[in-house]
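A look at the structure
Below, each chain spelled out in residue letters.
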Amino acid sequence: AVGCSFYKLVCLFFLGAFLGDITETIFCLITAGKLMSRSSVVYGPFSIVWGLGCVLLTAILYQYRTRSDSYIFVFGTILGGAYEYICSVFTEIVFGTVFWDYSHIPFNLGGRINLLYCFFWGIAAVVWLKILYPLFSGWIEKIPKKIGVTLTWVMIVFMIFDMIMSGLAMARYSIRQTEGVKASTGLEYFLDEHFPDERMERIYPNAIIVE
């Protein structure tokens with residue numbers, strides 16, 4: 001996993017997804033005074049947005065890691081804002097659901113992104129490339145090759161399964177909310193039993209179904 005390789009990026013995805021979820025959870029606890037799920041998937045505390053964002057920042061900004069903090073901040077602000085906007089549009093089109101809405105925050109663009117949070121992406125880019133990435137990169141490179149390769153593919157299979165189940169559960173939840181259609185297939189009965197409205201609302205407390 002030396003350099004900015006495939007295996008390292010996969011490991012960084014999981015680290016970013018986990019740490020991003022935990023960071024958002026703590027942020028919401030401090031600012032909103034309540035503990036709420038910030039996970040993107042039904043199994044495990046993982047934020048896909050943060051995981052992919054981590055990989056994106058690393059893959060694109062890796063070659064500029066020796067540049068000044070201000071350069072990385074500006075690059076990260078623009079890149080992070082564009083990335084978050086695309087994620088918002090994608091989830092609304094694919095799942096018919098809005099997972100975050102910044103309409104109440106000044107200087108927002110369609111409620112999908114706002115200037116303050118774009119600055120957070122810039123700060124995150126600097127902290128990541130200058131402090132966290134070198135630390136995590138060193139840890140990852142110390143993992144024995146055989147164990148690392150096996151573990152990486154196990155994580156990939158798990159996340160693919162997790163994302164598929166999350167997508168199916170969210171699609172079924174959206175149908176229940178908008179159409180009230182009762183289950184008619186084995187898969188729908190399974191989803192209704194294991195991912196009822198209460199559980200879905202606990203996992204995605206800020207999700208808004210777009211009819």
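None of the values given here were measured: they were computed from a predicted structure.

What counts, and where the lines are drawn
Residues numbered from 1 in each chain as written. Predicted model: local features only at pLDDT ≥ 70, side-chain atom pairs only at ≥ 80, totals over all residues. Heavy atoms only, no water. Axes fitted to C-alpha atoms, helices over the stretch in contact; angles between N-to-C directions. Helix = DSSP H or I, 4+ residues; strand = E, 2+ residues; numbered from the N terminus. Parallel < 35°, antiparallel > 145°, perpendicular 65-115°, else oblique. Left-handed = near helix turned anticlockwise from the far one by under 90°. Contact = heavy atoms within 4.5 Å. Core = buried A, V, L, I, M, F, W, Y, C linked by side-chain atoms within 4.5 Å. Buried < 20%, exposed > 50% of the residue type's maximum accessible area, 1.4 Å probe, protein only. Phe/Tyr/Trp six-rings, centres within 6.5 Å; stacked < 30°, edge-to-face > 60°. Disulfide = S-S within 2.5 Å. Expected span 1.5 Å × (residues − 1). Polar contact = N/O pair within 3.5 Å; in protein donor to acceptor, adjacent residues only side chain to side chain. Patch = residues over 30% accessible without salt bridge, like charges linked within 9 Å, V, L, I, M, F, W, Y side chains within 5 Å. Areas by Shrake-Rupley, 256 points an atom, 1.4 Å probe, with all protein chains shown as cover. Salt bridge = Lys/Arg side-chain N within 4 Å of Asp/Glu carboxyl O.

A closer look at the packing of helix H1 (residues 6-32) against helix H4 (residues 115-141)
- At a minimum axis separation of 11 Å, H1 and H4 run at an interaxial angle of 130 degrees. On the basis of the axis angle, H1 is oblique to H4. Where H1 crosses over H4, the two elements pack in a sense that is right-handed. When H1 is examined against H4, the residues Lys-8, Cys-11, Leu-12, Leu-15, Leu-19 and Phe-27 are found in contact with a partner set consisting of Tyr-117, Trp-128, Tyr-133, Phe-136, Ser-137, Ile-140 and Glu-141.

Looking at the nonpolar core
- Counting residues in hydrophobic clusters, the biggest one holds 32 residues, and the most contacted among them are Leu-12, Phe-14, Trp-128 and Met-159.
- Of all the elements in the fold, those that place two or more residues in this core are H1, helix H2 (48-61), helix H3 (69-95), H4 and helix H5 (145-178).
- Per-element accounting of this core gives the leading share, 8 residues, to H4.
- When neighbours within four sequence positions are excluded, Leu-12 is seen to be in contact with Cys-54, Thr-58, Trp-128, Tyr-133, Phe-136 and Ile-140.
- In this structure, Met-165, Met-170, Leu-191 and Met-200 belong to the second largest nonpolar core, which totals 10 residues.

Description of the packing of aromatic side chains
- Counted according to the given criterion, the structure contains 20 aromatic pairs.
- Taking the centre distance of 5.6 Å and the plane angle of 40 degrees together, the rings of Tyr-64 and Phe-75 count as tilted. Here Phe-75 lies in helix H3 and Tyr-64 lies in the loop between H2 and H3, a separation of 11 residues in the sequence.
- The class of Tyr-64 is partly exposed, set by a relative accessible area of 21%.
- For the pair Tyr-71 and Phe-75, a centre-to-centre distance of 6.1 Å together with 75 degrees between the ring planes defines the contact as edge-to-face. Of this pair, Tyr-71 and Phe-75 both sit in helix H3, 4 residues apart, which is roughly one turn of that helix.

Side note on the state of the cysteines
- This structure, assessed with the given rule, holds 0 disulfides.
- Its sulfur unpaired, Cys-11 is 11 Å from the next cysteine sulfur, which belongs to Cys-54.
- A residue is classified by how much of its surface remains accessible, and Cys-54, at 7% relative accessible area, is buried.

Here we look at H3
- The end-to-end C-alpha separation of H3 is 37 Å, in line with the 39 Å expected for 27 residues at 1.5 Å each.
- For H3, the full list of buried residues reads Ile-72, Gly-76, Thr-77, Leu-79, Gly-80, Gly-81, Tyr-83, Glu-84, Cys-87, Ser-88 and Thr-91.
- Where H3 is buried, its residues contact H2, strand S1 (97-98), strand S3 (113-114) and H4.
- Count one or two residues on from H3 and you reach Gly-96, which has phi positive near 65 degrees.

As for the side chain of Thr-25
- Following the sequence through the fold, Thr-25 ends up in helix H1.
- At a separation of 2.8 Å, a polar atom in the side chain of Thr-25 contacts the main-chain carbonyl oxygen of Asp-21.
- When residues no more than four places from it in sequence are discounted, the contact partners of Thr-25 are Leu-35, Met-36 and Arg-38.

Looking at a nonpolar patch on the surface
- Together, Phe-18, Leu-19, Ile-22, Ile-26, Leu-29, Ile-30 and Leu-35 make up a nonpolar patch on the protein surface, roughly 650 Å² of accessible area in all.
- Along the chain, Ile-26 turns up in helix H1.
- The partly exposed category is assigned to Ile-26, whose relative accessible area is 46%.

Quick notes on the pattern of salt bridges
- Summed over the entire model, instances satisfying the criterion amount to 6 salt bridges.
- Here Lys-8 ties to Glu-141 by a salt bridge, and the two come within 2.5 Å at their closest N and O atoms. With Lys-8 in helix H1 and Glu-141 in helix H4, this pair connects stretches of sequence that are 133 residues apart.
- Overall, Lys-8 belongs to the buried group, its relative accessible area being 1%.
- Residue class for Glu-141 comes out partly exposed when judged on its relative accessible area of 38%.

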